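# Coordinate inspection notes
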Amino acid sequence: MTLLVVDPRDESQFRRWFGVLQRAELHRDQGRGTGWQFEEWRAIALDPFAPGDVLAWSVGGTMAAVSCLRMTTLDNLSSVRADLFVEPTLRRRGYGRALLEATEERAKKAGRREIVVYAMEGAHEVDAAPNRGFAPCMGYEVGDDSRRLDIVWPLPRATRHALRDEWQPYATDYDVVSWLRDTPDEFLEERARLAGTMLTAAPWANLEHEDEVWSPQRVRTHESTARDMGRLLMVSVARLRSSATLVAYSELTISELAPETAYQWDTLVSPEHRGHRLGGLIKLANFDLLEASGLSPRRISTFNSTVNEPMMRVNRALGGALGGAAVLWRKTLASSS
Ligand SMILES: CC(C)(COP(=O)(O)OP(=O)(O)OC[C@H]1O[C@@H](n2cnc3c(N)ncnc32)[C@H](O)[C@@H]1OP(=O)(O)O)[C@@H](O)C(=O)NCCC(=O)NCCS
């Protein structure tokens, strides 16, 4: 049994690594979901701002378990986020434990004092997936627990208009602006500033974050990463009319290669501008972009922390129904010295 460090630029090796992840995702979703695409994970692993340390546990030449540490380079340097998947046919043989221990060692060697492992759950296994037994026995505690809500698409136009009519009177001081793919130059600085506060302005059950360091260049890299993933990025923002300050943004993305599910990425309303229904209004603006895109997903999926009741309320108003869950498991790593 060996630990392999996988090079995401080595197409055949990375495809074998991705195959384990993909089979684990299909198993979780009982063959129904399409999960991440190969191009998407390659773009994640090659993100210049958080390159992946991509690992595999090889047993007799077969990759039995795979993991990836997302090594942030500019911020949140004492913590690291990880993903871990064991081949469905090779579970309960100790491979998950072996690879997670090796992954923790790599994280410690890189100077990280906390590891946060991400676990997704299908609709049929919310609160009852293997991670719920595995992670506590590996010394992890829940950092955050979120629910996936699915909004059936197309959401009828009449429903969207009714919601907009209901919410618009709360937001008379703001303009909503939308675009596809690249942020217009005039919004770039402001979008970078807001994105930097996303982790600290959102509520988490039991996780602490620093502001992220975002520059216009990082926004551009984010946009080109989405493009490399084969995803269409739809963005809507709210701007305070009196000062032209951006106070909210929301991202909706869809794979142009596998357009069955559109995913909600970030949605943030600055704390001092909450209560004006801006979260719902900018999501609706993205839905207009989705309608105009010509792509025909069957649902829009969004993940919300169970402690983020206001965001859940917006998504339920948009028709969101339980479609799965995601848990962030955290562990403090003892220093390796
Ligand atoms: C969770 C997962 C990584 C476990 O991998 P694994 O190789 O089966 O785990 P191991 O065999 O190393 O198990 C180590 C211990 O974890 C616990 N454990 C593992 N799977 C469990 C399950 N389904 N139910 C209860 N406990 C479980 C057991 O105590 C086990 O020891 P035992 O087999 O001697 O009883 C695997 O099921 C998986 O890939 N799930 C989908 C992806 C995922 O959830 N990743 C994030 C994990 S935090």
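Residues numbered from 1 in each chain as written. Predicted model: local features only at pLDDT ≥ 70, side-chain atom pairs only at ≥ 80, totals over all residues. Heavy atoms only, no water.

### Some remarks on the overall build of the protein chain
Note the cut-off: A run of H or I in DSSP becomes a helix once it reaches four residues, and a run of E becomes a strand once it reaches two; helices and strands are each numbered from the N terminus. Atoms counted for the radius of gyration: C-alpha only. Globule rule: 2.2 Å times the number of residues to the power 0.38. Burial classes follow relative accessibility: with a 1.4 Å probe on protein chains only, a residue under 20% of its type's maximum area counts as buried, one over 50% as exposed, and anything between as partly exposed. We call two residues contacting when some pair of their heavy atoms lies within 4.5 Å. With residues, only the protein chains shown are counted as cover, and all accessible areas are computed by Shrake-Rupley using a 1.4 Å probe.
Along the protein chain, the regular secondary structure elements total 10 helices and 12 strands. For the protein chain, the C-alpha radius of gyration of 20 Å lies close to 20 Å, the compact-globule estimate for 337 residues. Along the first, second and third principal axes, the C-alpha atoms of the protein chain reach 60 × 40 × 35 Å. Per-residue burial for the protein chain yields a buried fraction of 54% across its 337 residues. For the protein chain, the proportion of contacts with a sequence separation of at least 24, taken over those separated by at least 6, is 74%. By element, 51% of the accessible surface of the protein chain is carried by carbon and sulfur atoms, the whole surface being about 15,000 Å².

### Considerations on the site of the ligand
Rules: Throughout this document, a residue counts as near a molecule or strand when at least one of its heavy atoms sits within 4 Å of that molecule or strand. A 3.5 Å cut-off defines polar contacts: any pair of N or O atoms within that distance qualifies, except that in protein one atom must be a possible hydrogen donor and the other a possible acceptor, and neighbouring residues in sequence count only when both atoms are side-chain atoms. Using a grid of 1 Å spacing that covers the protein atoms alone, one calls a set of points a cavity when a 1.4 Å probe fits there but cannot get out, and a pocket when the set is open and has protein on both sides within 12 Å along at least five of seven lines; lining residues are those with an atom within 4 Å of a point. Any molecule with more than half of its atoms within 2 Å of a cavity's or pocket's grid points is regarded as sitting in that cavity or pocket.
Around the ligand sit 19 residues in total, of which Leu84, Val86, Arg92, Gly94 and Arg97 are the nearest. Interatomic distance of 2.7 Å between a backbone N/O atom of Val86 and an oxygen atom of the ligand. Residue Arg91 places a side-chain N or O atom 3.3 Å away from an oxygen atom belonging to the ligand. Cavity membership is defined here by more than half of the atoms lying within 2 Å of grid points; on that basis the ligand lies in the second largest pocket.

### Focus: the sheet that holds strand S9 (residues 245-255)
The condition that has to hold: Strands are labelled as partners when DSSP assigns at least two bridges between them. In this analysis, axes come from line fits to C-alpha atoms, helices being fitted only over the stretch in contact, and the angle between any two N-to-C directions falls in the range 0 to 180 degrees.
As summarised here, the arrangement of the 12 strands in space is S1-S2-S3-S4-S5-S12-S6-S11-S10-S9-S8-S7, forming an open sheet in which the pairing is mixed. Edge positions in the sheet fall to strand S1 (2-6) and strand S7 (174-180), since each of these pairs with one other strand and no more. Neighbour to neighbour, the strand axes of the sheet diverge by 25° on average, direction disregarded. Across 9 bridges, the pairing between strand S5 (residues 114-122) and strand S12 (residues 321-332) is antiparallel. Paired with Val116 across the strands is Arg330, a residue of S12. Those strands touched by helix H1 (residues 11-28) are S1, strand S2 (52-59), strand S3 (62-70), strand S4 (79-86) and S5, and its axis lies near 90° from that of S3. Lying over the sheet, helix H3 (residues 95-109) contacts S1, S2, S3, S4, S5 and S12, oriented at roughly 145° with respect to S2.

### What about empty space enclosed by the protein?
The condition is simple: Grid points are joined across faces, edges and corners, and a volume is the space filled by probe spheres set on the points. Throughout this entry, Asp, Glu, Lys and Arg are counted as charged residues, while Ala, Val, Leu, Ile, Met, Phe, Trp, Tyr, Cys and Pro are counted as nonpolar. The remaining residues, Gly among them, count as polar.
By the definition in use, this model includes 2 cavities of 30 Å³ or more. Every residue along the wall of the largest cavity is listed here: Arg181, Asp182, Glu223, Ala226, Arg227, Arg231 and Leu233. If you list the elements that add at least two residues to the lining of the largest cavity, you get helix H8 (216-228) and strand S8 (231-240). By residue number, the principal contributor to the lining of the largest cavity is H8, which donates 3 residues. Split into classes, the residues belonging to the lining of the largest cavity amount to 2 nonpolar, no polar and 5 charged.

### What about the nonpolar core?
Counted only if it meets this: For this analysis, a nonpolar core means a set of buried residues of the types Ala, Val, Leu, Ile, Met, Phe, Trp, Tyr and Cys, connected via side-chain atoms within 4.5 Å.
Leu278, Phe287, Leu290, Ile300 and Leu318 are the most contacted members of the largest nonpolar core, which has 29 residues in total. Contributing elements (two or more residues each) for this core: helix H5 (157-167), S8, S9, strand S10 (261-269), helix H9 (278-293) and helix H10 (309-317). The dominant element in this core, judged by the number of residues it contributes, is H9, at 7 residues.

### As for the side chain of Arg148
By the element assignment, Arg148 lies in strand S6 (residues 141-152). Using a relative accessible area of 12% as the deciding quantity, one classes Arg148 as buried. Only 2.9 Å separates the side chain of Arg148 from the side chain of Asp150, close enough to count as a polar contact. Excluding residues within four positions of it along the chain, Arg148 makes contact with Tyr263, Arg299, Ser301, Thr302, Phe303, Ala321, Leu322, Gly323, Gly324 and Ala325.

### Things to note about the packing of H9 against H10
Selection rule: Note that the term roughly parallel is reserved for angles under 35 degrees, roughly antiparallel for angles over 145, roughly perpendicular for angles of 65 to 115, and oblique for everything else. Less than a right angle of anticlockwise turn of the near helix away from the far helix marks a crossing as left-handed, whereas a clockwise turn marks it as right-handed.
Where H9 meets H10, the axes come as close as 10 Å, and the angle between the chain directions of the two elements is 45°. Accordingly, the angle class assigned to the pair H9 and H10 is oblique. As H9 packs across H10, the resulting crossing turns out to be right-handed. In contact with Gly279, Gly280 and Lys283 of H9, H10 contributes Met311, Val314 and Asn315.

### What to know about the packing of aromatic side chains
Quick reminder of the rule: Aromatic rings from Phe, Tyr and Trp, taking only the six-membered ring of Trp, are treated as a pair when their centres fall within 6.5 Å; an angle between ring planes under 30 degrees marks them as stacked, one over 60 as edge-to-face, and anything in between as tilted.
Within this structure, the stated rule accounts for 7 aromatic pairs. Their ring planes at 80° and their centres at 5.8 Å tell us that Phe18 and Phe38 sit as a pair that is edge-to-face. Here Phe38 lies in helix H2 (residues 38-45) and Phe18 lies in helix H1, a separation of 20 residues in the sequence. Assigned by exposure class, Phe18 and Phe38 land together as buried.

### Quick notes on the domain arrangement of the protein chain
What counts, and what does not: By convention here, the domain bounds are inherited from an automatic or database domain assignment. Buried area: the accessible area, evaluated with a 1.4 Å probe, that two parts lose upon being put together, summed over both parts.
With domains assigned, the protein chain is organised as domain 1 (2-112) and domain 2 (150-324). On a C-alpha basis, the centroid separation for the pair domain 1 and domain 2 is 28 Å. Listed by partner, the interface residues are 13 residues for domain 1 and 17 residues for domain 2. Taken over both partners, the interface formed by domain 1 and domain 2 buries close to 1,400 Å², and the fraction arising from carbon and sulfur atoms is 58%.

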